[in-house]
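# Per-entry structural report
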Amino acid sequence: MRIRSALTAVAVVLAGLVAGVGSSSAAGSSSAAGSSSAAAYCGITWGSAEKSAGTLSDAPLTEVRTGRHDCYDRVVFEFAGPVDGYAIGYGETWTEGEGLALSPYTAGGALLRVSLRAPAYDDAHQGTVPYAVGEHVANLLRYPTVRDVVFGGSFEGYSTFAVGVRARLPFRVLVLTGPGTHSRIVLDVAHQW
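Summary of the structure given here. (Residues numbered from 1 in each chain as written. Predicted model: local features only at pLDDT ≥ 70, side-chain atom pairs only at ≥ 80, totals over all residues. Heavy atoms only, no water.)

To continue, consider the sheet that holds strand β4 (residues 86-90). Spatial ordering of the open sheet is given by β1-β4-β5-β7-β6, a layout of five strands whose pairing is antiparallel. Two strands in the sheet have a free side with no partner beyond their single neighbour: β1 (51-53) and β6 (146-155). Between one strand axis and the next, the sheet turns through 15° on average, direction left out of account. Direction of pairing for β4 relative to strand β5 (residues 110-116): antiparallel, over a ladder of five bridges. (Pairing = 2+ DSSP bridges. Helix = DSSP H or I, 4+ residues; strand = E, 2+ residues; numbered from the N terminus. Axes fitted to C-alpha atoms, helices over the stretch in contact; angles between N-to-C directions.)

As C-alpha coordinates, then:
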(Lines give C-alpha, C1' and ligand atoms only; values in the text may rest on other atoms or scores of the structure.)
Protein backbone atom coordinates (compact mmCIF):
# COMPACT_ATOMS: atom_id res chain seq x y z
CA MET A 1 0.00 0.00 0.00
CA ARG A 2 2.83 2.34 0.84
CA ILE A 3 4.39 1.58 -2.49
CA ARG A 4 1.11 2.26 -4.26
CA SER A 5 0.72 5.62 -2.42
CA ALA A 6 4.31 6.52 -3.18
CA LEU A 7 3.85 5.64 -6.86
CA THR A 8 0.65 7.68 -7.00
CA ALA A 9 2.40 10.66 -5.42
CA VAL A 10 5.30 10.32 -7.86
CA ALA A 11 2.84 10.08 -10.77
CA VAL A 12 1.04 13.25 -9.62
CA VAL A 13 4.34 15.12 -9.26
CA LEU A 14 5.51 13.91 -12.68
CA ALA A 15 2.19 14.88 -14.25
CA GLY A 16 2.52 18.33 -12.71
CA LEU A 17 6.07 18.65 -13.97
CA VAL A 18 5.10 17.52 -17.48
CA ALA A 19 2.19 19.95 -17.53
CA GLY A 20 4.44 22.74 -16.27
CA VAL A 21 7.11 21.95 -18.84
CA GLY A 22 4.51 21.80 -21.60
CA SER A 23 2.97 25.13 -20.66
CA SER A 24 6.32 26.85 -20.16
CA SER A 25 7.53 25.36 -23.44
CA ALA A 26 4.36 26.58 -25.14
CA ALA A 27 4.80 29.96 -23.50
CA GLY A 28 8.43 29.95 -24.55
CA SER A 29 7.57 29.10 -28.13
CA SER A 30 4.85 31.74 -28.21
CA SER A 31 7.29 34.22 -26.72
CA ALA A 32 9.96 33.16 -29.20
CA ALA A 33 7.47 33.49 -32.03
CA GLY A 34 6.55 36.94 -30.79
CA SER A 35 10.16 38.02 -30.61
CA SER A 36 11.04 36.53 -33.99
CA SER A 37 8.12 38.32 -35.64
CA ALA A 38 9.22 41.53 -33.92
CA ALA A 39 12.84 40.96 -34.94
CA ALA A 40 13.93 42.90 -37.97
CA TYR A 41 14.26 41.08 -41.29
CA CYS A 42 17.97 40.23 -41.76
CA GLY A 43 18.70 42.63 -38.89
CA ILE A 44 17.63 45.55 -41.11
CA THR A 45 16.45 48.62 -39.17
CA TRP A 46 16.71 51.21 -41.94
CA GLY A 47 13.14 52.52 -42.15
CA SER A 48 11.49 54.13 -45.16
CA ALA A 49 11.71 57.84 -44.31
CA GLU A 50 13.48 60.25 -46.65
CA LYS A 51 17.24 60.42 -46.31
CA SER A 52 19.47 63.30 -47.38
CA ALA A 53 23.03 64.46 -46.79
CA GLY A 54 25.99 66.21 -48.34
CA THR A 55 26.53 69.13 -50.64
CA LEU A 56 26.60 69.91 -54.34
CA SER A 57 29.66 68.63 -56.24
CA ASP A 58 30.90 69.14 -59.79
CA ALA A 59 32.27 65.57 -60.12
CA PRO A 60 30.17 63.97 -62.87
CA LEU A 61 28.19 60.75 -62.72
CA THR A 62 29.93 58.09 -64.80
CA GLU A 63 28.01 54.86 -64.25
CA VAL A 64 24.89 53.33 -62.74
CA ARG A 65 24.81 49.63 -61.92
CA THR A 66 22.67 47.27 -59.87
CA GLY A 67 23.17 44.13 -57.79
CA ARG A 68 21.20 41.49 -55.92
CA HIS A 69 22.08 40.48 -52.36
CA ASP A 70 20.52 38.02 -49.90
CA CYS A 71 18.49 40.63 -48.01
CA TYR A 72 18.33 43.64 -50.36
CA ASP A 73 18.75 44.90 -53.92
CA ARG A 74 21.37 47.56 -54.65
CA VAL A 75 21.70 50.51 -57.04
CA VAL A 76 25.17 52.08 -57.29
CA PHE A 77 25.81 55.57 -58.68
CA GLU A 78 29.51 56.10 -59.44
CA PHE A 79 31.16 59.51 -59.89
CA ALA A 80 34.51 60.70 -61.28
CA GLY A 81 35.49 62.47 -58.06
CA PRO A 82 34.22 63.06 -54.53
CA VAL A 83 30.42 63.22 -54.22
CA ASP A 84 28.45 62.97 -50.98
CA GLY A 85 25.22 64.84 -51.74
CA TYR A 86 21.84 63.18 -52.20
CA ALA A 87 18.16 63.31 -51.26
CA ILE A 88 16.26 60.01 -51.58
CA GLY A 89 12.69 59.31 -50.53
CA TYR A 90 9.40 57.78 -51.58
CA GLY A 91 7.16 59.83 -53.85
CA GLU A 92 6.78 61.18 -57.35
CA THR A 93 9.95 61.81 -59.33
CA TRP A 94 10.10 64.66 -61.81
CA THR A 95 12.49 65.09 -64.73
CA GLU A 96 15.19 67.72 -64.16
CA GLY A 97 14.49 70.98 -65.98
CA GLU A 98 11.13 69.84 -67.44
CA GLY A 99 9.04 68.74 -64.46
CA LEU A 100 7.57 65.69 -66.23
CA ALA A 101 6.33 62.99 -63.82
CA LEU A 102 8.21 59.71 -64.23
CA SER A 103 5.71 57.44 -62.42
CA PRO A 104 3.81 56.50 -65.61
CA TYR A 105 7.09 55.28 -67.15
CA THR A 106 8.58 53.50 -64.13
CA ALA A 107 7.70 49.91 -63.16
CA GLY A 108 7.01 49.00 -59.53
CA GLY A 109 4.42 49.44 -56.80
CA ALA A 110 6.32 52.32 -55.16
CA LEU A 111 8.70 54.97 -56.43
CA LEU A 112 11.92 56.20 -54.84
CA ARG A 113 12.95 59.63 -56.10
CA VAL A 114 16.72 59.88 -56.22
CA SER A 115 18.23 63.36 -56.45
CA LEU A 116 22.02 63.29 -56.68
CA ARG A 117 23.84 66.53 -55.96
CA ALA A 118 26.18 66.11 -58.92
CA PRO A 119 25.82 66.49 -62.69
CA ALA A 120 25.63 63.79 -65.34
CA TYR A 121 27.71 65.96 -67.69
CA ASP A 122 31.27 67.26 -67.81
CA ASP A 123 32.68 70.81 -67.85
CA ALA A 124 31.91 71.04 -71.58
CA HIS A 125 28.28 70.05 -70.84
CA GLN A 126 28.69 66.72 -72.62
CA GLY A 127 26.76 63.82 -71.08
CA THR A 128 28.85 61.44 -69.00
CA VAL A 129 26.30 58.60 -68.94
CA PRO A 130 24.75 56.95 -72.03
CA TYR A 131 21.12 57.44 -70.96
CA ALA A 132 18.55 59.83 -72.38
CA VAL A 133 15.86 61.35 -70.14
CA GLY A 134 13.18 58.74 -69.51
CA GLU A 135 15.42 55.83 -70.46
CA HIS A 136 15.53 52.62 -68.43
CA VAL A 137 19.03 52.19 -67.03
CA ALA A 138 19.26 48.51 -66.01
CA ASN A 139 17.95 45.04 -66.72
CA LEU A 140 16.32 44.01 -63.46
CA LEU A 141 15.01 40.59 -64.41
CA ARG A 142 14.85 38.29 -61.33
CA TYR A 143 15.44 41.10 -58.84
CA PRO A 144 13.23 40.52 -55.77
CA THR A 145 12.67 44.22 -54.94
CA VAL A 146 13.99 46.75 -57.48
CA ARG A 147 11.79 46.79 -60.58
CA ASP A 148 13.14 49.74 -62.60
CA VAL A 149 15.70 52.53 -62.70
CA VAL A 150 14.77 55.44 -64.98
CA PHE A 151 16.99 58.45 -65.73
CA GLY A 152 15.22 61.75 -65.01
CA GLY A 153 17.92 63.98 -66.45
CA SER A 154 20.57 66.33 -65.16
CA PHE A 155 20.14 70.08 -64.81
CA GLU A 156 22.04 72.81 -62.93
CA GLY A 157 24.31 70.29 -61.22
CA TYR A 158 21.60 67.87 -60.04
CA SER A 159 20.88 64.42 -61.51
CA THR A 160 17.61 62.59 -60.98
CA PHE A 161 16.51 58.96 -61.16
CA ALA A 162 13.23 57.20 -60.46
CA VAL A 163 13.80 53.83 -58.82
CA GLY A 164 10.72 51.63 -59.01
CA VAL A 165 10.44 49.04 -56.23
CA ARG A 166 7.95 46.26 -55.49
CA ALA A 167 6.46 48.10 -52.49
CA ARG A 168 7.36 50.80 -49.98
CA LEU A 169 10.21 48.99 -48.21
CA PRO A 170 13.08 50.02 -45.92
CA PHE A 171 16.14 51.49 -47.61
CA ARG A 172 19.52 52.89 -46.72
CA VAL A 173 22.03 55.14 -48.48
CA LEU A 174 25.81 54.76 -48.23
CA VAL A 175 28.52 57.11 -49.49
CA LEU A 176 31.69 55.22 -50.39
CA THR A 177 35.08 56.40 -51.65
CA GLY A 178 36.97 54.68 -54.42
CA PRO A 179 38.00 53.03 -56.53
CA GLY A 180 40.84 55.49 -57.03
CA THR A 181 39.57 59.08 -57.01
CA HIS A 182 35.99 57.96 -57.72
CA SER A 183 33.16 57.88 -55.20
CA ARG A 184 29.83 56.07 -55.03
CA ILE A 185 26.40 56.70 -53.62
CA VAL A 186 24.80 53.33 -52.89
CA LEU A 187 21.06 52.74 -52.46
CA ASP A 188 20.04 49.44 -50.82
CA VAL A 189 16.34 48.47 -50.70
CA ALA A 190 15.34 45.59 -48.40
CA HIS A 191 13.40 42.63 -49.82
CA GLN A 192 10.84 42.91 -47.00
CA TRP A 193 10.15 44.55 -43.63
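Moving on, we come to the sheet that holds strand β8 (residues 171-177). With antiparallel pairing, four strands are arranged side by side in an open sheet as β2-β3-β9-β8. Because the sheet does not close on itself, it has two edges, and the strands there are β2 (61-68) and β8. Sheet twist, expressed as the mean angle between neighbouring strand axes with direction ignored, is 15°.

Turning our attention to the pairing of β4. The element β4 is largely enclosed, with a buried count of five among its five residues. Here β4 shows no split at all, with Tyr-86, Ile-88 and Tyr-90 on one side and Ala-87 and Gly-89 on the other all buried. As judged from the three bridges shared by β1 and β4, these two strands associate in the antiparallel manner. Looking across to β4, one finds that Ser-52 is bridged to Ala-87. (Buried < 20%, exposed > 50% of the residue type's maximum accessible area, 1.4 Å probe, protein only.)

For β6, a buried count of seven out of ten residues is recorded, marking the element as mostly surrounded by other parts of the structure. Examined bridge by bridge, β6 and strand β7 (residues 158-165) share eight bridges and lie antiparallel to one another. Considered in β7, the bridge of Val-146 is made with Val-165. Taken together, β6 and the strand that follows it, β7, pair antiparallel across an intervening segment of two residues, in which Glu-156 is found at a positive phi of about 50°.

Just geometry here; none of it tells us what the structure is for.
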